[in-house]
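# Coordinates in review
One letter stands for each residue in the lines below.
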Amino acid sequence: ISALYMDDGYLFFQINPIETQIRELKYIDLELQITEGKQAKINNVTVEGNTKTNDRIIMREIRSLPGQLFKRSDIIRTQEEFNRLGFFNPESLGVNPLPDPKTGTVDIHYSVEEKPADQVELQGGWGNGMFVGSFGVSFSNFSTSGIGDKSTWSPLPTGDGQKLRLRAQSNGSYYQNYSISFEEPWLGGKKPNSFSVAL
């Protein structure tokens, strides 16, 4: 019942189960007294703890926006979207609704903790009388807009949620393979239209 009410904005709702009668020593009658209260609207949404990822990258994943009715399912969906990004520690992800019964509004405060999202790959093998080796790096939170801003470099510009992958494979002069790929998950910044290019 709580989940149903909180999915329709009734953040201030209360339910109180009361035993009204015990019959034949094995039946209990219950009365559920419900106080609905007002439907709460979201006032402010804040996020803290993002030291690398830009605010706009996080805010586009938030489903509970100012002016909308409070919905418990939107809060859960937002937490799932944060986890899907792969930039934050899921164990440290927190949400704190701050209701104000006087105004009928609620502020929602999310807390995140950045985690390393980049990968380095090194492989080697011996076969047919020759050694074959490969090396690759993957940057999961790359930023093309931060190339000119040295404060975003760590070791490359970060914060826009773009993916950059570099890979090289060779056994010397006989065989060499080099590849680079780039992915922008939100082309244009308004809808999740993915754009990728590889060479």
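Above: the structure in question.
We now turn to the structure provided with this report. No experiment lies behind these values; they were computed from the predicted model shown.

### Some details on unusual backbone geometry
A positive phi angle is found at Glu24, which is not glycine, with a value near 55°. Relative to the helices and strands, Glu24 resides in the loop between strand 1 (14-23) and strand 2 (27-35). Backbone geometry places Leu25, a non-glycine residue, at a positive phi of 60°. Looking at where Leu25 falls in the secondary structure, it is placed in the loop between strand 1 and strand 2.

### Looking at the pairing of strand 4 (residues 94-100)
For a regular strand, side chains alternate in direction, first toward one face of the sheet and then toward the other. As judged from the seven bridges shared by strand 4 and strand 5 (residues 105-111), these two strands associate in the antiparallel manner. By the bridge assignment, Pro99 is partnered in strand 5 with Val106. Linking strand 4 to strand 5, which pair antiparallel, is a turn of four residues; within it Gly104 sits at a positive phi near 70°.

### Topic: the nonpolar core
With 19 residues, the main nonpolar core has Phe70, Phe82, Phe88 and Tyr110 as its most contacted residues. Among the secondary structure elements, those contributing two or more residues to this core are strand 3 (41-48), helix 3 (72-85) and strand 5. Among residues more than four places away in sequence, those in contact with Phe70 are Met6, Asp7, Asp8, Gly9, Leu11, Ala40, Lys41, Ile42, Ile75, Pro97, Val106 and Ile108. Grouped together as the second largest cluster of nonpolar side chains are five residues, Val137, Phe139, Leu164 and Phe182 included.

### Concerning the sheet that holds strand 10 (residues 195-198)
Read across the sheet, five strands follow the order 6-7-8-9-10 without closing on themselves; strand pairing throughout is antiparallel. Each edge of the sheet is formed by a strand with only one pairing partner; in this case those strands are strand 6 (119-127) and strand 10. In this sheet, adjacent strand axes meet at a mean angle of 10° when their direction is disregarded. One ladder, built from four bridges, connects strand 9 (residues 176-184) with strand 10; its direction is antiparallel. If you follow Phe182 over to strand 10, its bridge partner there is Val197.

### Considerations on the side chain of Thr53
Examined against the element boundaries, Thr53 turns out to sit in the loop between strand 3 and helix 2 (55-59). Of the polar contacts made by the side chain of Thr53, one reaches the side chain of Asn141; its length is 2.9 Å. Each residue touching Thr53, except ones within four places of it in the same chain, is listed here: Ile58, Phe87, Phe88, Glu114, Asn141 and Gly159.

### Re the pairing of strand 5
Inspection of the sheet shows strand 3 paired to strand 5 by six bridges, in the parallel sense. The partner of Val45 across the bridge, within strand 5, is Ile108.

### Thoughts on the environment of Asp29
Examined against the element boundaries, Asp29 turns out to sit in strand 2. Sequence spacing of Asp29 and Ile18 is 11 residues, and the spatial spacing of their C-alpha atoms is 8.4 Å. In this structure, Asp29 is in contact with Ile18, Glu19, Thr20, Gln21 and Arg23, ignoring residues within four places of it in sequence.

### Quick look at the side chain of Glu61
Along the chain, Glu61 turns up in the loop between helix 2 and helix 3. A polar side-chain atom of Glu61 sits 3.1 Å from a polar atom in the side chain of Arg84. Aside from chain neighbours lying at most four places away, what touches Glu61 is Thr78, Glu81, Phe82, Arg84, Leu85 and Trp186.

### Considering the pattern of salt bridges
A complete count under the given rule lists seven salt bridges for this structure. Among the salt bridges present, the one from Glu81 reaches Arg84, with a minimum N-O distance of 2.9 Å. In this pair, Glu81 and Arg84 both sit in helix 3, three residues apart, roughly one turn of the helix. Judged by relative accessible area, Glu81 falls into the buried class, the value being 9%. Ionic pairing is found between Glu121 and Arg167, a salt bridge with its closest N-O pair at 2.7 Å.

Basis of the calculations
- Residues numbered from 1 in each chain as written.
- Predicted model: local features only at pLDDT ≥ 70, side-chain atom pairs only at ≥ 80, totals over all residues.
- Heavy atoms only, no water.
- Helix = DSSP H or I, 4+ residues; strand = E, 2+ residues; numbered from the N terminus.
- Pairing = 2+ DSSP bridges.
- Core = buried A, V, L, I, M, F, W, Y, C linked by side-chain atoms within 4.5 Å.
- Buried < 20%, exposed > 50% of the residue type's maximum accessible area, 1.4 Å probe, protein only.
- Contact = heavy atoms within 4.5 Å.
- Axes fitted to C-alpha atoms, helices over the stretch in contact; angles between N-to-C directions.
- Polar contact = N/O pair within 3.5 Å; in protein donor to acceptor, adjacent residues only side chain to side chain.
- Salt bridge = Lys/Arg side-chain N within 4 Å of Asp/Glu carboxyl O.

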